[in-house]
Amino acid sequence: MEKINPSIHPAWKALLSEQFDAPYFSELKSFLIAEKKNNVVYPAGNLIFNAFNNTPIDDVKVVILGQDPYHGPGQAHGLCFSVPEGVKPPPSLVNIFKEINAELGIPIPKHGNLESWAKQGVLLINATLTVRANTAGSHQGKGWENFTDAVIRTVSDNKEGVVFLLWGKYAQAKASLIDSKKHHILMAAHPSPLSAYAGFNGCGHFAKTNEYLLQTGKTAIDWRV
């Protein structure tokens, strides 16, 4: 079987080597090769592991878990909820910015690039790391969830005092992968306009995250972008 050598930060690669060598990952790679022959896939190949390259495991203080990459042109760049500068922030991200504004008084930004969060230790991962253009959920059940579940377990096992922000039922189902004695789990509704009113708005997660980080001797996250 061909050895898979993804462009991912060496510290992550060392901890996740069993995943890259597993049969499911080889099948996932074959699926993506076939998919790209007939369809546009987001994000670009060099950005699939962008979250891990921006946030090495030694730096992880917060994990935000999304479900799928954005599936519109130019949106996905490997960080959940984030879009590159020059791309209109999608509605879920606008609601995130509104919540930060309500909690902390930070002005709502003009762009939606969350790289500054990633550089501070916020791991921004989707459960599924790729998607077919214009087709939400199209790469679910192909193997990515095996990989990202392993990522969550790896953070839980190798770190202490990480804040996990689980928004919506899909993300909340991942709580079973996290050692709640070692880490701090915050749950709320998803920031999508379809559900934000049901408990994301007013959740206080960004202020609570910083309170917990400071209580455990870490530096707070600057939520400005």
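In this text the structure is predicted, and so the values were computed from the model without any measurement.

Quick word on the side chain of His 111
You can see His 111 is positioned in the loop between α5 (91–104) and α6 (115–119). Within polar-contact distance, the side chain of His 111 engages the backbone nitrogen of Asn 113 at 3.0 Å. With residues up to four places along the chain from it excluded, the contact list for His 111 reads Glu 85, Pro 89, Phe 97 and Val 225.

Concerning the sheet that holds strand β6 (residues 184–188)
If you walk across this open sheet you meet the four strands as β3-β2-β5-β6, and the pairing is parallel. Bordering the open sheet on either side are β3 (122–126) and β6, each of which pairs with just one other strand. Averaged over all pairs of adjacent strands, the angle between strand axes in this sheet comes to 20°, irrespective of strand direction. As judged from the five bridges shared by strand β2 (residues 62–66) and β3, these two strands associate in the parallel manner. In the sheet register, Val 62 faces β3, and the bridge partner there is Val 122.

What about the packing of aromatic side chains?
Evaluated as defined, the whole model comprises 18 aromatic pairs. Both rings, one in Phe 20 and one in Phe 25, keep their centres 5.0 Å apart while their planes meet at 85°; by these two values the pair is edge-to-face. Judged by its relative accessible area of 5%, Phe 25 falls in the buried class. Taken together, a centroid distance of 5.9 Å and an interplanar angle of 55° make the contact between Trp 167 and Phe 206 tilted. Taken as a pair, Trp 167 in strand β5 (residues 163–167) and Phe 206 in helix α9 (residues 205–215) lie far apart in primary sequence, 39 residues in all. Residue Trp 167 shares its accessibility class with Phe 206, and that shared class is buried. Within the aromatic cluster, the residues linked to one another by ring pairs are Trp 12, Phe 20, Tyr 24, Phe 25, Phe 49, Phe 52, Trp 144 and Phe 147.

Remarks on the pairing of β2
Most of β2 sits inside the fold, with five of its five residues counted as buried. Judged by which residues are buried, β2 turns out to be covered on both faces: Val 62, Ile 64 and Gly 66 on one side and Val 63 and Leu 65 on the other are all buried. With three bridges connecting them, β2 and β5 associate as parallel partners. The residue bridging Val 62 from the neighbouring strand is Val 163, located in β5.

What counts and how
Residues numbered from 1 in each chain as written. Predicted model: local features only at pLDDT ≥ 70, side-chain atom pairs only at ≥ 80, totals over all residues. Heavy atoms only, no water. Helix = DSSP H or I, 4+ residues; strand = E, 2+ residues; numbered from the N terminus. Polar contact = N/O pair within 3.5 Å; in protein donor to acceptor, adjacent residues only side chain to side chain. Contact = heavy atoms within 4.5 Å. Pairing = 2+ DSSP bridges. Axes fitted to C-alpha atoms, helices over the stretch in contact; angles between N-to-C directions. Phe/Tyr/Trp six-rings, centres within 6.5 Å; stacked < 30°, edge-to-face > 60°. Buried < 20%, exposed > 50% of the residue type's maximum accessible area, 1.4 Å probe, protein only.

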